[in-house]
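Residue-level listing of the chains:
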Amino acid sequence: MTHRMPDASSTYWSEYVQEPEELYRSRALRFREDNKDAWLRLIGAGDGMRILEVGCGSGLFCHRLAAFLPHASVTGLDRDAGHLHYAAGKAREAGLRCRFVQGDALALPFEEDAFDLCYSYTVMNFCDPSAF
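Residues numbered from 1 in each chain as written. Predicted model: local features only at pLDDT ≥ 70, side-chain atom pairs only at ≥ 80, totals over all residues. Heavy atoms only, no water.

## Notes on the sheet that holds strand 3 (residues 98-102)
The strands making up a sheet are joined through hydrogen bonds of the backbone, oriented either antiparallel or parallel.
Thinking step 1. Here 4 strands make up an open sheet; going across it, the order is 3-2-1-4 and the pairing parallel. Of all strands in the sheet, those bounded by a partner on one side alone are strand 3 and strand 4 (117-120). Neighbour to neighbour, the strand axes of the sheet diverge by 20° on average, direction disregarded.
Thinking step 2. In terms of strand pairing, strand 1 (residues 50-54) meets strand 4 through 4 bridges, oriented parallel. Within the sheet, the bridge partner assigned to Leu-52 lies in strand 4 and is Cys-118. (Pairing = 2+ DSSP bridges. Helix = DSSP H or I, 4+ residues; strand = E, 2+ residues; numbered from the N terminus. Axes fitted to C-alpha atoms, helices over the stretch in contact; angles between N-to-C directions.)

## What about the packing of helix 2 (residues 20-30) against helix 4 (residues 60-68)?
Thinking step 1. Orientation of helix 2 relative to helix 4, taken along the N-to-C sense of each, is 50°, at an axis distance of 9 Å. The orientation of helix 2 with respect to helix 4, classified from their angle, is oblique. Where helix 2 abuts helix 4, its residues Tyr-24, Arg-27 and Ala-28 lie against Leu-60, His-63 and Arg-64.
Thinking step 2. Taken together, the residues that form the contact of helix 2 with helix 4 break down as 3 nonpolar, 1 polar and 2 charged. (Parallel < 35°, antiparallel > 145°, perpendicular 65-115°, else oblique. Contact = heavy atoms within 4.5 Å. Nonpolar A, V, L, I, M, F, W, Y, C, P; charged D, E, K, R; others polar.)

## Considering the layout of surface pockets
Thinking step 1. Roughly 150 Å³ of internal volume is contained in the second largest pocket.
Thinking step 2. Its residues assigned to classes, the lining of the second largest pocket comprises 6 nonpolar, no polar and 3 charged. (1 Å grid on protein atoms, 1.4 Å probe; cavity = no way out; pocket = protein on both sides within 12 Å on 5 of 7 lines; lining within 4 Å. Points joined across faces, edges and corners; volume = space filled by probe spheres on them.)

Shown next as structure tokens:
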């Protein structure tokens, strides 16, 4: 079953489903410093890469990538403006260089070959997998 997501300008998810701080804390349980070598190796992330996270939510994974790979260029994409606002604020607080872009996983607003690595943690369950 394909789920129809709210309009890209929406804050539906961050207001009614999972607030940004809650999402941030839950992802912090998964992507920790003590297991960073395993998940960086698993996804093939390296310092100096141009990395895109599709469905970045409140930005925890982007923040971790930027902290652990200081020469990487990290971009997060999400539909929800509330989560992106939170992500950008947390990046500023921590002094991390991350870019956050509002957009649709099925119509990426980037040039071809703009990234060396594209990662997504929980987007496929919200859209048609063949389109994704």
